[in-house]
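Chain and residue survey
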Amino acid sequence: MMTIYKADPDTSSANLSNCSIRHDENIAVKKSSPVHYHFKIKSTTAQITKTVQYCDDLLRRHQWGTPHVQSELCIALSEALANAIIHGNRNDPEKFVQLKIRLDEKQVKISVMDQGPGFDHRHLPDPLADDNIKKRNGRGIYLMSALVDSVKFSRRAKGMEVTLLKSLPNE
């Protein structure tokens, strides 16, 4: 289950309107104003691919960045969603992940919020250390950091939030 909301870029109100996936091709963007999306995603790994594909479509429809930059963002988003669903919410289908995307003409801001207990990102093992290099997991945060300009972690009252920032390269 993925519920998608799109904030109206023409108003400053916080009202969100429900936006059907089938009608998303009708979403128009003014290049001069930011556009906001809010997703509520059920905590199942099946939702990761669907959500990333939808976000990739958003980036292409808004003509944001080159295909290479879009791919980098989608890989980072996939890792953030996997961490939130698997590690944060522990694959609990009764929990949800909130995803917020803000696109403007120069930058994308992606926030992924889970309902888990949180963690200290400063005390993670080095994924490139000899003991870890052949492990099947433990590289998500490293990948996110390599693919976007900024990765920020914040504890919230009920969970963790990771914020990814990616700016368009200067032309």
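Look up: the structure comes first, before these words.
Owing to the predicted nature of the structure, the values given are computational and were not obtained by experimental measurement.

**Remarks on the packing of helix H2 (residues 67-88) against helix H3 (residues 140-147)**
- Taken N-terminus to C-terminus, the directions of H2 and H3 make an angle of 150°; their axes are 9 Å apart at the nearest point. The pairing of H2 with H3 is recorded here as roughly antiparallel in orientation. For the element pair H2 and H3, the recorded crossing hand is left-handed. Here Glu72, Ile75, Ala76, Glu79, Ala80 and Asn83 of H2 lie close against H3, whose contacting residues are Gly140, Ile141, Leu143, Met144 and Leu147.
- Class assignment for the residues of the contact of H2 with H3 results in seven nonpolar, two polar and two charged.

**Remarks on a positive patch on the surface**
- A cluster of basic residues, Lys100, Lys109, Lys152 and Arg156, forms a positive patch on the protein surface.
- Positionally, lysine 100 belongs in strand S4 (residues 96-103).
- Accessibility expressed as a relative area gives 42% for lysine 100, which makes it partly exposed.

**Overview of the packing of aromatic side chains**
- Summed over all chains, the structure comprises one aromatic pair.
- Here phenylalanine 39 and tyrosine 54 contribute two aromatic rings whose centre-to-centre distance is 5.6 Å and whose plane-to-plane angle is 80°, an arrangement assigned as edge-to-face. With phenylalanine 39 in strand S3 (residues 35-42) and tyrosine 54 in helix H1 (residues 46-61), this residue pair connects regions lying 15 residues apart in the sequence. Accessibility assignment for this pair places phenylalanine 39 and tyrosine 54 in one class, buried.

Reading the values: the criteria
- Residues numbered from 1 in each chain as written.
- Predicted model: local features only at pLDDT ≥ 70, side-chain atom pairs only at ≥ 80, totals over all residues.
- Heavy atoms only, no water.
- Axes fitted to C-alpha atoms, helices over the stretch in contact; angles between N-to-C directions.
- Helix = DSSP H or I, 4+ residues; strand = E, 2+ residues; numbered from the N terminus.
- Parallel < 35°, antiparallel > 145°, perpendicular 65-115°, else oblique.
- Left-handed = near helix turned anticlockwise from the far one by under 90°.
- Contact = heavy atoms within 4.5 Å.
- Nonpolar A, V, L, I, M, F, W, Y, C, P; charged D, E, K, R; others polar.
- Patch = residues over 30% accessible without salt bridge, like charges linked within 9 Å, V, L, I, M, F, W, Y side chains within 5 Å.
- Areas by Shrake-Rupley, 256 points an atom, 1.4 Å probe, with all protein chains shown as cover.
- Salt bridge = Lys/Arg side-chain N within 4 Å of Asp/Glu carboxyl O.
- Lys, Arg positive; Asp, Glu negative; His and termini not counted.
- Charge placed at Lys NZ, Arg CZ, Asp CG, Glu CD.
- Buried < 20%, exposed > 50% of the residue type's maximum accessible area, 1.4 Å probe, protein only.
- Phe/Tyr/Trp six-rings, centres within 6.5 Å; stacked < 30°, edge-to-face > 60°.

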